Amino acid sequence: MALIEVRNVYKIFGTGRALDTALDMAQTGAEKNDVLVETGCTLGLKDVSLSVERGEIFVVMGLSGSGKSTLIRHINRLIDPTTGQILVDGRDVLEFSTEELLAFRRGAVSMVFQRFALFPHLTVIENVGYGLEVQGVEPAERRRRAMRWIEDVGLIGYENAYPAQLSGGMQQRVGLSRALCTDPEILLMDEPFSALDPLIRKQMQEHLIALQRDLKKTIVFITHDLDEALKLGDDVAILKDGVIDQIGGPEEILLNPATEYVREFVRDVKRGRVVTAASIMTPPKGDANGPTVSYDTVLQDMLPKCIDSDAPLRVVDEAGAVVGAVSRRTLLRGLADHGVKK
Amino acid sequence: MMNFIRGLFPEWAVEWPKNLNLPLNKWTNDFVEWLVTEYGVIFETASDAILVVLVGMERFLRDLPWVVVFLGVGALTFFSSGRKWGLTALVAACMFFIGLTDPRLWDLSMMTLSVMLVSTLICIGVGVPVGIAISRNDRMRDMVLPALDLMQTMPSFVYLIPAIMLFGLGAVPAVFATVIYAIPPVIRLTDLGIRLVDEDIVEASDAMGASKRQKLIRVQIPMALPNIMQGVNQTTMMALAMVVIASMIGTRGLGTEVLIGLQQLNVGRALEAGVAIVLLAIVMDRVTQAYGGRFIRMDGRG
């Protein structure tokens, strides 16, 4: 069973009878705008279901107002759904008592915020150790464990600085180590890199990928940037007006967009970074002298070999058996989104 | 013309009917009388307690060599302002001038200061918790805020008199009246300060699993401190403004000098005391501001 299960969650912002009417409308298929005009209530999420597997990065992609920040806050119950079910590790989060909820937030799950949300009156090390402080961990032990994460994100020497003295990228590294310091199983990241400069953002993405290779956390990652979604996500959900348009692996979303909205989005994506050899290869030919590439190599990484070799590349699976061929023409077609079908 | 207009209406609509009179006057008097006879003991006990603190504080400040008080205030300003020499010099100059205007004024200033300090401490002790409570509860806030407006607009003589009936003459009713007059800013600014704490940051604390108490003590109050200190500053200033009025009910201090000066048409004497009050105000203002400023600088927003 998946670690996080969100089942048929509706979230409507409103009160009283208007809320009931709005829920009825949403459940019978009305759209966000109609609900707002009719009842004055904002439809945040409409019939959202998804499951996040243990150890994966699950990206929720959507533009502002799509409900993605609302969705992620349901997982640690910073927001309660209007109806629906949220299971984490088989336990219904909505059934938690106050104490159970605090314990859940202290141990199992932590969060990274778009605007960092560091405590401005606490030093870096106090910020990182805040989760442990809340748990009642002794100061010396807290320092020791906080230092380990400060070191990990490369902020040694800044542990006694205040957040305002750090750059945006450094602040978010503090935010990340604060979230990791309690060693949670689940990491909720609400547009963590959106407020950063492009170069810093790229560094942080790579840092996260490297970190995830070691830690194997379960990460729910929110972004409005499709490139970021496809780069980081094992699975990607596209959210629009509180409704999930599509859930799938990056390549699947790119190659088989489920709706016009998704198609519109993927049009500008650099395909060479996402599409793999397996998606474009033709059946193997007898040609035995072409260089080999693994079936999960992205097109961009196949370019050098393809340029150097006149013979088609041979695509091999994990066992080393040849499963397909990619000629220069096939590769160009793949990069140009011309005649590629999965 | 006016007669014509008056002629259009029946008699009861022209002059306010004599029997259409809410007996608020009598009710209040009865209530105060009842309070004094039934609960006099409680008020007396409270009065005694406040008096003990007040007298202790006054004796302490007056018995201390003036040089010690002078240097103490200077050091307090210096360190709480983050080692600003200019500010310290200003505060020290003000302190020095209080004595320089007239040596008698030093002791009187210490009396006024002790009434002010006790009042301000009570204001903080009551006001900060009330401010915290109304920041968490909108309905309670809707009830408390109009009461604060009332306390600030009601002429202070109106509650000075029942205060005398309940606490007797002297410094205690003065403290009572001062607290009523001066407590609103600290309540308002505590409430505001806590409400202004960045929602993201409160959310971050929640997401870590902090309890309400942990969140309040570790995040909300520290972040609201610049505002709370601003409230304390306002409260101190308003407390000082009550000094002259409080002298009318027998509180000794700088206000007494102003009052005597006026009664004897001794303008010079009143002015000297008035100047001393202003100097004391500047000192209190700078010291509390400097203390509040410390928190603003620490989080890098100042």
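Here the residue index of a chain counts from 1 through its sequence in written order. Key to labels: chains lettered from A, ligands numbered from 1, both in the order written. Local features in this predicted model are restricted to residues whose pLDDT is 70 or higher, and side-chain atom pairs enter the listing and the counts only when it is 80 or higher, whereas totals over whole chains, interfaces and linings include all residues.

**Details of the overall build of chain B**
The condition that has to hold: A run of H or I in DSSP becomes a helix once it reaches four residues, and a run of E becomes a strand once it reaches two; helices and strands are each numbered from the N terminus. Here the C-beta atoms are placed from the backbone, and a residue counts as buried if at least 20 other C-beta atoms lie within 10 Å of its own, exposed if 12 or fewer do, and partly exposed otherwise. Once C-beta atoms have been placed from the backbone, residue pairs whose C-beta atoms lie within 7 Å are recorded as contacts.
Helices and strands together make up the secondary structure of chain B, namely 13 helices and zero strands. Listing every helix and strand of chain B by position from the N terminus yields α-α-α-α-α-α-α-α-α-α-α-α-α. Its C-alpha atoms put chain B at 75 × 60 × 50 Å along the principal axes. A burial count over chain B gives 37% of its 302 residues as buried. Within chain B, residue pairs in contact and separated by at least 24 positions form 76% of the contacts whose partners lie at least 6 positions apart.

**Quick look at the overall build of chain A**
The secondary structure content of chain A amounts to 15 helices and 13 strands. Dimensions of chain A, computed from C-alpha atoms along their principal axes, come out at roughly 65 × 55 × 35 Å. Within chain A, the fraction of its 342 residues that count as buried is 44%. Restricting to contacts in chain A with at least 6 residues of sequence separation, those with at least 24 account for 65%.

**Let's talk about the domain arrangement of chain A**
Residues and elements named next belong to chain A. What counts here: Domain delimitation in this document rests on an assignment produced automatically or drawn from a domain database. Amino acids outside the nonpolar list (Ala, Val, Leu, Ile, Met, Phe, Trp, Tyr, Cys, Pro) and the charged list (Asp, Glu, Lys, Arg) are all regarded as polar, and Gly is one of them.
The domains assigned to chain A are domain 1 (53-108 + 184-269) and domain 2 (272-336). Measuring from the centre of the C-alpha atoms in domain 1 to the corresponding centre in domain 2 gives 32 Å. Contacts between the two partners involve seven residues from domain 1 and, on the opposite side, five residues from domain 2. Broken down by secondary-structure element, the contributors of at least two residues to the side of domain 1 that touches domain 2 are helix 10 (226-232) and helix 11 (250-255). Among the elements that take part in the side of domain 1 that touches domain 2, helix 11 stands out by supplying four residues, more than any other. Across the side of domain 1 that touches domain 2, the residue classes tally to five nonpolar, no polar and two charged.

**Description of the sheet that holds strand 2 (residues 42-52) of chain A**
Strands pair in a sheet through their backbones, by hydrogen bonds, and they do so in one of two ways: parallel or antiparallel. Spelled out, the test is: DSSP bridges decide pairing: two strands pair if at least two such bridges lie between them.
Overall, antiparallel pairing links the four strands, which are arranged 2-1-4-5 (chain A) in an open sheet. Each edge of the sheet is formed by a strand with only one pairing partner; in this case those strands are strand 2 and strand 5 (91-92) of chain A.

**Notes on the interface of chain A and chain B**
As a measure of interface size, the accessible area lost when the parts come together is often cited. On the side of chain B, 17 residues touch chain A, which itself brings 20 residues to the contact. With four residues, the single largest contributor to the side of chain A that touches chain B is helix 4 (residues 98-107) of chain A. Counted by class, the side of chain A that touches chain B contains 12 nonpolar, five polar and three charged residues.

**So, the environment of Leu169 of chain B**
Residue and element names in this part refer to chain B. Relative to the helices and strands, Leu169 is located in the loop between helix 7 (156-167) and helix 8 (171-196). Along the primary structure Leu169 and Arg213 are separated by 44 residues, whereas in three dimensions their C-alpha atoms are 42 Å apart. Each residue touching Leu169, except ones within four places of it in the same chain, is listed here: Ile164, Ile249 and Gly250.

**Focus on the pairing of strand 8 (residues 218-223) of chain A**
All names here are of chain A. A large share of strand 8 lies buried, amounting to six of its six residues. With burial as the criterion, each face of strand 8 is covered, one bearing Thr218, Val220 and Ile222 and the other bearing Ile219, Phe221 and Thr223. With five bridges connecting them, strand 3 (residues 57-61) and strand 8 associate as parallel partners. By the bridge assignment for strand 8, Phe58 is matched with Val220. Of the pairings in the sheet, the one linking strand 7 (residues 186-190) to strand 8 comprises five bridges and is parallel in character.

**A few points about the sheet that holds strand 13 (residues 322-326) of chain A**
Residue and element names in this part refer to chain A. Put simply, the test is: Here an axis means a line fitted to C-alpha atoms, over the contact stretch when the element is a helix, while the angle between two N-to-C directions is reported on a 0 to 180 degree scale.
Strand order in the open sheet formed by three strands is 11-12-13, and the pairing between neighbours is mixed. Each end of this open sheet is capped by a strand with a single partner; those strands are strand 11 (292-294) and strand 13. Each neighbouring strand pair of the sheet contributes to a mean axis angle of 35°, computed without reference to strand direction. Bridge analysis of strand 12 (residues 313-316) against strand 13 gives four bridges, and the strand direction is antiparallel. Within strand 13, the residue paired with Val316 across the bridge is Val322.

**Thoughts on the packing of helix 14 (residues 299-308) of chain A against helix 15 (residues 328-336) of chain A**
All names here are of chain A. As a reminder of what qualifies: Each angle receives one of four descriptions, namely roughly parallel if under 35 degrees, roughly antiparallel if over 145, roughly perpendicular if within 65 to 115, and oblique otherwise. By the definition used in this description, the sense in which the near helix is turned from the far one sets the handedness, with an anticlockwise turn below a right angle giving left-handed and a clockwise turn giving right-handed.
Closest axis-to-axis distance for the helix 14/helix 15 pair is 11 Å, and the angle between their directions is 150°. It follows from the interaxial angle that helix 14 and helix 15 lie roughly antiparallel. Read as a crossing pair, helix 14 and helix 15 show a hand that is left-handed. Facing Leu299, Met302 and Cys306 of helix 14, the residues of helix 15 in contact are Arg328, Leu331, Gly334 and Leu335. For the contact of helix 14 with helix 15, the per-class residue count stands at five nonpolar, one polar and one charged.

**Some remarks on helix 3 (residues 68-75) of chain A**
All names here are of chain A. The element helix 3 is largely enclosed, with a buried count of six among its eight residues. Among all positions of helix 3, only Lys68, Thr70, Leu71, Ile72, Arg73 and His74 are buried. Positive backbone phi, approximately 60°, marks Arg77, located one or two places after helix 3.

**Observations regarding the environment of Phe43 of chain B**
Residues and elements named next belong to chain B. By the secondary structure assignment, Phe43 is in helix 2 (residues 24-63). The exposure class assigned to Phe43 is partly exposed, which follows from the 18 C-beta atoms found within 10 Å. For the pair Phe43 and Leu166, spaced 123 residues apart in sequence, the C-alpha separation works out to 6.3 Å. Contact partners of Phe43, with chain neighbours within four places excluded, come to Leu166 and Phe167.

**Describing the packing of helix 2 of chain B against helix 5 (residues 103-136) of chain B**
Residues and elements named next belong to chain B. Here helix 2 crosses helix 5 at 140°, and the two axes come no closer than 9 Å. For the pair helix 2 and helix 5, the sense of crossing is right-handed. Here Ile50, Val53, Leu54, Met57, Glu58, Leu61 and Arg62 of helix 2 come into contact with helix 5, specifically with Asp107, Met110, Met111, Leu113, Ser114, Val115, Leu117 and Val118.

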